[in-house]
Amino acid sequence: MSGQPTGSRAPARAGREAEATLMDAVRDAHASASMLYVLDTGGDALWLAVLTGVPRHIAAPWTRVALTDPLPVADAVREGRLVWVGGTEELARRYPRPSLVLPYDFVLAAAPVTDGGILRGGLVLLWPGSHPARLGAEERTVVETSCRRLGRALRWAAEAGELVPCERPRTLTPEPDRALGPPEALAAFVDRLPGGSCALDLNGRITFITPEAAALCGADPADLLGALPWEALPWTDVPEVEDRYRSALVSKLPTSFAVLRPPDTWLTFELYPDASGISVRITPGAPAPRTPEPGSAPPAGPSRATVLYHLMHLAATLTEAAGVKDVVEQTADQLIPALGAQAMALLAAEDGRLRVLGHLGYSDALVERFDDTPLTPDTPAARAMLTGEAGFFGDFEELRSAHPQAVRQVGLESWAVLPLIASGRPIGSLVLAYERHKRFPPTERAVLTSLAGLIGQALERARLYDTKHDVARRLQAALLPHSLPSVPGLEVTARYLPAGRGLDVGGDFYDLIRLDDTTAAAAIGDVQGHNIDAAALMGQVRTAVHAHASAGAPPDDVLRRTNRLLIDLDSDLFTSCLYAHLDLARQELCMATAGHTRPLLRHADGRTDVLTVPPGLLLGIDPEADYPTLGFSLTPGCVLLLYTDGLVEEPGVDPDDALDSLRELLGRTDPGDLDALADALIRHVPRPVDDIALLLIRFQAPCG
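A short tour of the structure in this document, coming up. None of these values were measured; they are calculated from a predicted model.

**With respect to the overall build of the protein**
Across its full length, the protein holds 21 helices and 28 strands. Going through the 704 residues of the protein one by one, you find that 50% of them count as buried. Accessible surface computed for the protein: about 32200 Å², of which carbon and sulfur atoms make up 52%.

Okay, structure coming up:
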């Protein structure tokens, strides 16, 4: 078809053109399955429109694919190139998320579908695992030609007002290209074969079954036709049965398994798939056990279903891991029971050297031997980091053959060395060690490689978190006073405690300013918010207060001028602040507040007062705001506590009750050691919900 469809049947013809082109692509490329995606109207996601060769429920997790998702079709469409994945291990390494769901033997190509330079969607083709690891030149030509034809068909569909179904994609079934012969001849042919036979469609439902097959299964043929085996035959409702069925569907390779039919009858099922369904042979008895190789131990460890459960649990916990320490701990806690391993080590590269981030089951002496060594391919862990390729070693001879300098820990027999891939590059490696000989079959290698990909992504996020956390805390420290000045007649200490484990920088601040030999000023405040903007504004507020105080302004003027500065800065953040002027010669304290928490004054006899300063508006709201002052008398031995609201905020506790509790604690605690008193006040809030800053000032004696 060379021209655009016209007329009333144009939409249907446009849709059929896309479907016919998709079927041609599968046939001409000798592929086993395909999926056609269309770009949604927003241009940021792909919707699965048509598929063939796999049932809808297999493709369900990828019905909608965001262009930012770590999936082959998203990469192909976003980057405008053909993406080739040449096997199970490569899929697990590059795309661990789909590999965990489909750890089967297949290869795939994904390519963008365009028309006249306009992006229309994406095409995915799958081949059986027997396909070579590289895409052939003829196959590439088929993919490129098909994408051009599909782009034209999707344009026609859009122009004709037809949108290919998205929420429920169409499933196409290829027409058989062989002569089936008369039904009687086929039935006679099947009946002559030993055992029983049945056929499954792509959705797993039984479409044909011989009387002998039904008899072996202990069921009536009428009850089996149209049913799913694991629903009609409860004894087949075990993870291996559906897993083998899914493996046959995706890989298009024969597979088999044995199931016990209660009470004591073993049946062997052999599955032979093609693009239209699965043929099944059923014979009595279990497959003969394979003779183990000399020196090998019988396989041990959790089942695949158990492994996947643990891996999904690990994936969920890794999303909550904050720093590198969390990732290491979660990996160690989850991997050992999930995989039956006896030892693990998590490593990364830092400044060209190999660093052990964490380990379990290895001796400290062995770990120290490799930690901080040059990053060269001499060791398995470093090689995996440098090449991005996994290494699997069934015994120490295999390991030493590949790495002559390998060192063995007594009691360990097999090793899996996996690269940790993030953003398309190796950032570390994971070493798993087992006390028994292991062969590492392809499905297990795929699961392990997928797992390493999840850990690699979590590790990259964790290292970024740790870096941001360190920068944030350094910024916080730089904006707070490095030390407090010495003022005759005063003893002073301060504390700052960030809340929780978040990355955000708080806006709490404090300051002590020596004005002359007999006067000083103290300030404490809290900028709204927890981010870089709040920290920057906090630095400006503290600088403004310090400058106006040093210029000799009284408390009300200090706050008034600082307020005008914030108004001029046009910030959308508000700030609370309390400013205190201390006249030691006159033993007087004068304070003004801009919506800040009320200070406490502990007298020498332990009596403690809440100082109620006339309230003023928060800084940054009203340019004409006034900040009235109030004076208090000072006596030797009294202690002034200035603090931010994190010290009195507790979930479910009335603020007045929290303030009374703080006042009582201050009154009954010996103020002889201000540092000990500050620590006691901080411990008073075991899990602060907000940052805490406090300033303790003790008046020793009048100055004159």
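That covers the picture; the talk isn't over yet.
**Remarks on the sheet that holds strand 27 (residues 639-643)**
Spatial strand order, 19-28-27-24-25: five strands in an open sheet with antiparallel pairing. Both edges of this open sheet fall to strand 19 (490-497) and strand 25 (608-610), since each of them pairs with a single strand only. Looking at each pair of strands side by side, their axes are set apart by 15° on average, direction ignored. With three bridges joining them, strand 24 (residues 600-602) and strand 25 adopt antiparallel strand pairing.

**Examining empty space enclosed by the protein**
Evaluated as defined, the whole model comprises four cavities of 30 Å³ or more. As for the largest cavity, its lining consists of 21 residues, of which Tyr-362, Leu-366, Phe-370, Val-407 and Val-431 are closest to the centre. Sorting the residues of the lining of the largest cavity by element identifies strand 13 (343-350), strand 14 (353-360), helix 14 (364-370), helix 15 (380-387) and strand 17 (414-422) as the ones contributing at least two each. Here the element with the most residues in the lining of the largest cavity is helix 14; it accounts for three residues. A breakdown of the residues in the lining of the largest cavity according to their chemical character gives 16 nonpolar, three polar and two charged.

**Here we look at the side chain of Asp-526**
With respect to the helices and strands, Asp-526 occurs in strand 21 (residues 519-527). With relative accessibility at 13%, the residue Asp-526 sits in the buried group. Discounting chain neighbours no more than four positions away, the residues touching Asp-526 are Gly-507, Asp-508, Phe-509, Phe-574, Thr-575, Ser-576, His-596, Thr-644, Asp-645 and Asp-690.

**A word on the sheet that holds strand 13**
Strands in a sheet are paired, the pairing made by backbone hydrogen bonds, and the direction either parallel or antiparallel. What the six strands build is an open sheet, ordered 15-14-13-18-17-16; its pairing is antiparallel. The outermost strands of the open sheet, each flanked by one partner alone, are strand 15 (373-374) and strand 16 (391-393). Taken together, the three bridges between strand 16 and strand 17 define a ladder with antiparallel strand orientation. Along strand 17, the bridge assignment pairs Phe-392 with Ala-416. Sheet strands touched by helix 15: strand 13, strand 14, strand 16, strand 17 and strand 18 (425-434). Its angle to strand 18, the strand with the most contacts, is close to 150°.

**Some words on the nonpolar core**
Ranked by internal contacts, the top residues of the largest apolar core, which has 55 residues, are Tyr-37, Phe-269 and Ile-282. The element contributing the most residues to this core is helix 11 (residues 239-251), with five residues. Among residues more than four places away in sequence, those in contact with Ile-282 are Gly-195, Gly-196, Cys-198, Ala-213, Leu-216, Cys-217, Leu-267, Thr-268 and Phe-269. Grouped together as the second largest cluster of nonpolar side chains are 52 residues, Ala-580, Leu-584, Ala-594 and Ile-697 included.

**A short note on a negative patch on the surface**
Together, Asp-654, Asp-657, Asp-660 and Glu-664 make up a region of like negative charge exposed at the surface. Looking at the secondary structure, you find Glu-664 in helix 20 (residues 655-668). Using a relative accessible area of 45% as the deciding quantity, one classes Glu-664 as partly exposed.

**Some details on helix 19 (residues 555-569)**
End to end, helix 19 covers 21 Å across 15 residues, agreeing with the expected 21 Å (1.5 Å per residue, within 8%). Buried within helix 19 we find Pro-555, Val-558, Leu-559, Arg-560, Thr-562, Asn-563 and Leu-566. Within two residues after helix 19, Asp-570 carries a phi angle of roughly 55°, on the positive side.

**With respect to the packing of aromatic side chains**
Applying the stated criterion to the full structure yields six aromatic pairs. For the ring pair Phe-257 and Phe-269, a centre distance of 5.3 Å and an interplane angle of 10° mean the geometry is stacked. In this pair, Phe-257 sits in strand 10 (residues 255-261) while Phe-269 sits in strand 11 (residues 265-274), placing the two residues 12 residues apart along the sequence. As far as the burial class goes, Phe-257 and Phe-269 line up, both buried. Note on Phe-392 and Phe-440: the rings are 5.4 Å apart at their centroids and 50° apart in plane angle, and the pair reads as tilted. Of this pair, Phe-392 sits in strand 16 while Phe-440 sits in the loop between strand 18 and helix 17 (442-479); the two residues are 48 residues apart in sequence, bridging distant segments of the chain. Phe-440 shares its class with Phe-392; the two are buried. Connected via pairs of aromatic rings, a cluster forms that spans Phe-392, Tyr-434 and Phe-440. Over the ring of Tyr-434 we find Lys-438; its NZ or CZ atom is 4.9 Å from the centre of that ring. Sitting over the face of the ring of Phe-440, Lys-438 holds its NZ or CZ atom 5.5 Å from the ring centroid.

**Considering a nonpolar patch on the surface**
Residues Phe-574, Leu-617 and Ile-621 make up a contiguous nonpolar surface patch of roughly 240 Å² in combined accessible area. Locating Leu-617 in the fold gives a position in the loop between strand 25 and strand 26 (629-633). Among the residues examined, Leu-617 registers a relative accessible area of 41% and is labelled partly exposed.

**Regarding the environment of Ala-111**
Tracing the chain through its elements places Ala-111 in strand 5 (residues 106-115). Note on Ala-111: relative accessible area 5%, which makes it buried. In this structure the C-alpha to C-alpha distance between Ala-111 and Leu-125, which are 14 residues apart in sequence, comes to 8.9 Å. Excluding residues within four positions of it along the chain, Ala-111 makes contact with Ala-76, Arg-81, Leu-82, Gly-122, Leu-123, Val-143 and Cys-147.

**Let's talk about helix 15**
Structural remark: α-helix, 3.6 residues per turn; residues separated by three or four positions point the same way. Regarding helix 15, the residues found buried are Pro-380, Ala-381, Ala-382, Ala-384 and Met-385. Buried residues belonging to helix 15 abut strand 13, strand 14, strand 16, helix 16 (396-402), strand 17 and strand 18. Phi for Gly-388, located one or two positions after helix 15, is positive at around 75°.

**Considerations on the environment of Glu-240**
You can see Glu-240 is positioned in helix 11. For Glu-240, a relative accessible area of 41% corresponds to the partly exposed category.

**As for the environment of Glu-389**
Tracing the sequence through the fold places Glu-389 in the loop between helix 15 and strand 16. For the pair Glu-389 and Ser-429, spaced 40 residues apart in sequence, the C-alpha separation works out to 9.9 Å. Other than its neighbours up to four places away in sequence, Glu-389 contacts Arg-383, Ala-384, Val-417 and Pro-419.

**Some details on the side chain of Thr-21**
Mapping Thr-21 onto the fold places it in helix 1 (residues 10-28). By relative accessible area, which is 1% here, Thr-21 ends up buried. A distance of 2.8 Å separates a polar side-chain atom of Thr-21 from the backbone oxygen of Glu-17.

Calculation criteria
- Residues numbered from 1 in each chain as written.
- Predicted model: local features only at pLDDT ≥ 70, side-chain atom pairs only at ≥ 80, totals over all residues.
- Heavy atoms only, no water.
- Helix = DSSP H or I, 4+ residues; strand = E, 2+ residues; numbered from the N terminus.
- Buried < 20%, exposed > 50% of the residue type's maximum accessible area, 1.4 Å probe, protein only.
- Areas by Shrake-Rupley, 256 points an atom, 1.4 Å probe, with all protein chains shown as cover.
- Pairing = 2+ DSSP bridges.
- Axes fitted to C-alpha atoms, helices over the stretch in contact; angles between N-to-C directions.
- 1 Å grid on protein atoms, 1.4 Å probe; cavity = no way out; pocket = protein on both sides within 12 Å on 5 of 7 lines; lining within 4 Å.
- Points joined across faces, edges and corners; volume = space filled by probe spheres on them.
- Nonpolar A, V, L, I, M, F, W, Y, C, P; charged D, E, K, R; others polar.
- Contact = heavy atoms within 4.5 Å.
- Core = buried A, V, L, I, M, F, W, Y, C linked by side-chain atoms within 4.5 Å.
- Patch = residues over 30% accessible without salt bridge, like charges linked within 9 Å, V, L, I, M, F, W, Y side chains within 5 Å.
- Salt bridge = Lys/Arg side-chain N within 4 Å of Asp/Glu carboxyl O.
- Lys, Arg positive; Asp, Glu negative; His and termini not counted.
- Charge placed at Lys NZ, Arg CZ, Asp CG, Glu CD.
- Expected span 1.5 Å × (residues − 1).
- Phe/Tyr/Trp six-rings, centres within 6.5 Å; stacked < 30°, edge-to-face > 60°.
- Lys NZ or Arg CZ within 6 Å of the ring centre and 35° of its normal.
- Polar contact = N/O pair within 3.5 Å; in protein donor to acceptor, adjacent residues only side chain to side chain.

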